[in-house]
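Structure at a glance
For reference, the chains in residue letters:
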Amino acid sequence: MTTDTAAGRFGRYGGRYVPETLVPALMELEGAYAEAQRDAAFGAEVARVLREFVGRPTMLTPAHRLTESWGGAQVWLKREDLAHTGAHKINNTVGQVLLARRMGKKRIIAETGAGQHGVATATACALFGLPCEVFMGALDVERQALNVFRMRALGAVVRPVESGSRTLKDAMNEAMRIWVSQVEDTYYVIGSAAGPHPYPTIVRDFQAIIGKEIREQTQAAIGRLPDAIIACVGGGSNAIGALHPFIPDASVRLVGVEAAGHGLQSGQHGASLTLGTEGVLHGSRSLVLQDEHGQIQEAHSISAGLDYPGVGPELAHLAKTGRMEVRTATDDDALSAFYEVARTEGILPALETSHAFAAARGLARDMGKGKHLVINCSGRGDKDVATISARGVPPATGVKS
Amino acid sequence: MSTELGKAFARAKARGEGALVAYAMAGDPDLARSVDVFVAMVEGGADVLELGVAFSDPIADGPVIQAAAERALKAGATLRRVLDEVVPEVRRRCPETPLVIMTYVNVVMAMGEARYAKLARERGISGTILPDLPPEESAALRAAFDAEGVDLIPLCAPTTPPARAEGIAKDARGFVYCVSVAGVTGMRAELPANLSERLDLVRRAASVPVVAGFGISTGEQAKALVAHADGVVVGSALVKAAHADGPAAAKQLCADIKRGLKR
Ligand SMILES: Cc1ncc(COP(=O)(O)O)c(C=O)c1O
């Protein structure tokens with residue numbers, strides 16, 4: 001038949017490596033999405049829900065004290081943590097659930113790692129009246145109890161997945177297996193810019209609202225584009241959303257931060273852009289953590305949203321071609337960044353986001369004064385409070401105890 | 001297509017039977033004992049052996065084969081070791097039976113498609129099934145396999161539109177693997193009512209044999225399908241039998257299904 005599909009390819013990466021059973025559904029989705037994009041009413045409805053329900057545009061906050069303490073570039077925070085449900089994930093689920101409704105799908109399934117995507121999907125389903133099932137690794141169910149409660153409160157069914165590493169990768173396998181069995185009436189809302197074509201494109205388009213707003217907001221605040229934007233990378237949806245609108249702007253440095261877990265040498269990390277090799281996982285060709293025999297390795301990160309052994313194909317392409325710089329932060333780096341941000345800016349960032357902050361300090365210093373750095377604050381830290389507080393809270397600052 | 005596969009289907013047909021393509025997981029419970037399972041299946045009447053090579057993230061497989069893959073990985077069943085240790089031994093003990101590898105695209109890509117195709121040919125593998133490689137993505141792999149005469153066997157699903165199914169059938173190498181149910185591997189009490197029509201359509205378009213697979217576990221089911229297919233694939237039921245009761249149970253189940261396949 002035909003050769004490699006051009007659509008859904010980002011350089012060598014992307015494609016559609018799925019059971020034949022799913023191919024017609026993916027083609028249907030591709031067609032429905034193209035049609036929705038041509039329909040101004042669909043775009044207007046997405047925009048309306050983002051405005052009225054999600055609370056967009058989210059703010060671009062100047063981080064005065066971090067800027068002063070780091071002594072380099074002027075630091076700005078893109079506040080996805082202020083979006084409804086507390087993370088960028090809602091941008092995508094509102095879009096995809098509206099698309100599912102438009103396609104006449106009767107039920108929604110999703111996978112989740114940190115639980116933020118599950119909460120965002122459950123929220124959109126509640127808003128539009130669709131039943132929702134969320135697959136979540138059993139380990140993540142344990143460490144993200146707050147989000148499990150939120151999903152259940154919103155009327156979703158949470159299905160713990162016991163196979164493999166009992167984390168995000170296995171939740172995604174299970175969601176795909178269930179989707180194969182129920183593909184006729186079920187819509188699978190993928191939570192990151194990963195998976196088979198057309199998902200990486202759809203998720204990126206819905207998340208690109210972040211970067212579009214950054215463009216307008218920096219223009220308004222400083223009269224020009226920022227000099228760099230930095231975001232954490234799990235599957236890569238907040239990163240590609242923040243960075244994509246700037247790809248043609250050569251003056252803007254694009255930086256992604258991966259989880260180095262216990263350290264890049266430890267074998268326990270989530271750094272697929274840094275240490276991954278080309279492979280196929282969850283329906284697309286990208287960079288993945290695997291052994292020499294092609295078996296996918298278990299990723300590790302203190303943050304459930306970053307311990308994914310793959311990465312979206314577009315980010316893999318941007319990293320390989322050098323357009324995006326890739327940095328890493330360890331669990332410990334992220335923890336100390338968490339407290340630094342909490343105590344200098346009054347914001348409890350998600351552990352995922354804390355990785356971006358951990359790497360941003362060095363970047364801000366490299367860049368130097370007079371430059372502008374935007375950190376994508378992908379989500380808030382409430383969901384991580386149990387994980388973080390279990391390690392003990394450092395003493396209060398500036399108060400005698 | 002590989003002459004061995006063609007001959008095996010022709011032999012079954014000449015005996016007035018549908019062919020049994022019998023699947024087991026190479027390396028489950030370990031490499032040596034999985035050889036005994038394959039041999040037992042041939043003794044039970046299997047016409048073609050499908051050797052599963054485990055992948056850590058088997059999105060097309062149900063719980064039975066998923067669990068078998070986990071056991072095989074624990075036992076060290078890599079593609080390389082299956083080709084070096086399992087395949088030659090099965091060939092030696094069942095010289096007449098064509099062997100097909102079933103695994104996932106990442107496992108083959110990790111070895112390198114050309115390197116895999118060459119090794120597969122040298123070890124006597126007739127074909128390969130990659131359930132996560134639809135036709136749109138298969139050009140490069142198929143060219144590499146064609147160069148070595150290893151058939152890249154395509155799958156056709158219940159959700160595949162008729163015109164696309166005909167395209168897959170026309171272009172097929174080895175045989176067409178018609179997935180009977182929209183779902184993952186695993187036993188089903190009932191097969192879809194329209195399966196026979198689908199098989200007839202694919203068979204009209206195909207120049208190679210057409211088999212039905214996924215969900216088939218009994219001689220009864222085989223009997224119902226044999227008028228519409230050149231054979232059936234049985235996987236989960238055999239994996240389950242071998243895991244619970246050893247090679248003899250797999251042999252027994254093959255014999256039951258073969259009885260159902262008599263025309
Ligand atoms: C707050 C937050 N940031 C980042 C991520 C990582 O995902 P992605 O790389 O797709 O943005 C997650 C995932 O759950 C998250 O909850």
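Residues numbered from 1 in each chain as written. Chains lettered and ligands numbered in written order. Predicted model: local features only at pLDDT ≥ 70, side-chain atom pairs only at ≥ 80, totals over all residues. Heavy atoms only, no water.

1. Observations regarding the UniProt feature "modified residue: N6-(pyridoxal phosphate)lysine" (unreviewed entry) in chain A
All names here are of chain A.
- Taking the numbering used here, the UniProt-annotated feature "modified residue: N6-(pyridoxal phosphate)lysine" (unreviewed entry) corresponds to K89.
- Structurally, K89 can be placed in helix α4 (residues 89-102).
- By relative accessible area, which is 17% here, K89 ends up buried.
- When residues no more than four places from it in sequence are discounted, the contact partners of K89 are Q116, H117, A120, G191, Q207 and S237. (UniProt positions renumbered as here; feature names shortened; annotations may be inferred. Helix = DSSP H or I, 4+ residues; strand = E, 2+ residues; numbered from the N terminus. Buried < 20%, exposed > 50% of the residue type's maximum accessible area, 1.4 Å probe, protein only. Contact = heavy atoms within 4.5 Å.)

2. Points about the sheet that holds strand β8 (residues 186-189) of chain A
Residue and element names in this part refer to chain A.
- A sheet is described by the order of its strands in space; here 4 strands give the open sequence β7-β6-β5-β8, paired in parallel fashion. What marks the edges here is a single partner per strand, and that holds for β7 (157-161) and β8. Between one strand axis and the next, the sheet turns through 25° on average, direction left out of account.
- Relative to β7, strand β6 (residues 132-137) runs parallel, the two being bridged by 5 bridges. Within the sheet, the bridge partner assigned to G137 lies in β7 and is V161.
- Along the sheet, α4 contacts β5 (107-112) and β8; its crossing angle with β8, the most-contacted strand, is approximately 165°. (Pairing = 2+ DSSP bridges. Axes fitted to C-alpha atoms, helices over the stretch in contact; angles between N-to-C directions.)

3. With respect to the site of the ligand
Residues and elements named next belong to chain A.
- Taken together, 18 residues form the shell around the ligand, and within it S192, G234, G236, N238 and S378 come nearest.
- Isolated, the ligand exposes 390 Å² of accessible area, and the fraction of that covered by the protein chains is 97%.
- A molecule is said to occupy a pocket when more than half its atoms come within 2 Å of that pocket's grid points, and by this definition the ligand occupies the largest cavity.
- Class assignment of the residues belonging to the shell around the ligand gives a composition of 5 nonpolar, 11 polar and 2 charged. (Near = heavy atom within 4 Å. Areas by Shrake-Rupley, 256 points an atom, 1.4 Å probe, with all protein chains shown as cover. 1 Å grid on protein atoms, 1.4 Å probe; cavity = no way out; pocket = protein on both sides within 12 Å on 5 of 7 lines; lining within 4 Å. Sits in = over half its atoms within 2 Å of the grid points. Nonpolar A, V, L, I, M, F, W, Y, C, P; charged D, E, K, R; others polar.)

4. Notes on the confidence of the model for chain A
- Residue-level pLDDT values for chain A average 96, and 98% of them are 70 or greater.
- Low pLDDT, under 50, characterises residues 1-5 of chain A; the stretch is placed with 14 contacts to residues that sit more than four places away or in other chains. (pLDDT = per-residue confidence, 0-100.)

5. Describing the pattern of salt bridges
- Scanning the model with the defined rule gives 56 salt bridges over all chains in all.
- Among the ionic pairs, D170 of chain A bridges to K169 of chain A, the shortest N-O distance being 3.5 Å. Pair check on accessibility: D170 of chain A and K169 of chain A agree, each one buried.
- Each of the salt bridges in this network shares a partner with another, and the network as a whole consists of R15, E17, D47, K258 and K262 of chain B. (Salt bridge = Lys/Arg side-chain N within 4 Å of Asp/Glu carboxyl O.)

6. Regarding the interface of chain A and chain B
- At the interface, 38 residues of chain A touch 39 residues of chain B.
- Between chain A and chain B the total buried area reaches about 3100 Å² when both faces are included, carbon and sulfur atoms providing 55% of it.
- Note that E20 of chain A is salt-bridged to R164 of chain B, the shortest N-O span being 2.9 Å.
- Linking chain A with chain B are 15 residue pairs in polar contact (both at pLDDT 80 or more).
- Mapped by element, the contributors of at least two residues to the side of chain A that touches chain B are α1 (23-38), α8 (168-181) and β11 (277-281) of chain A.
- Among the elements that take part in the side of chain A that touches chain B, α8 of chain A stands out by supplying 6 residues, more than any other.
- In terms of residue class, the side of chain A that touches chain B is built from 13 nonpolar, 15 polar and 10 charged. (Buried area = accessible area lost by both parts, 1.4 Å probe. Polar contact = N/O pair within 3.5 Å; in protein donor to acceptor, adjacent residues only side chain to side chain.)

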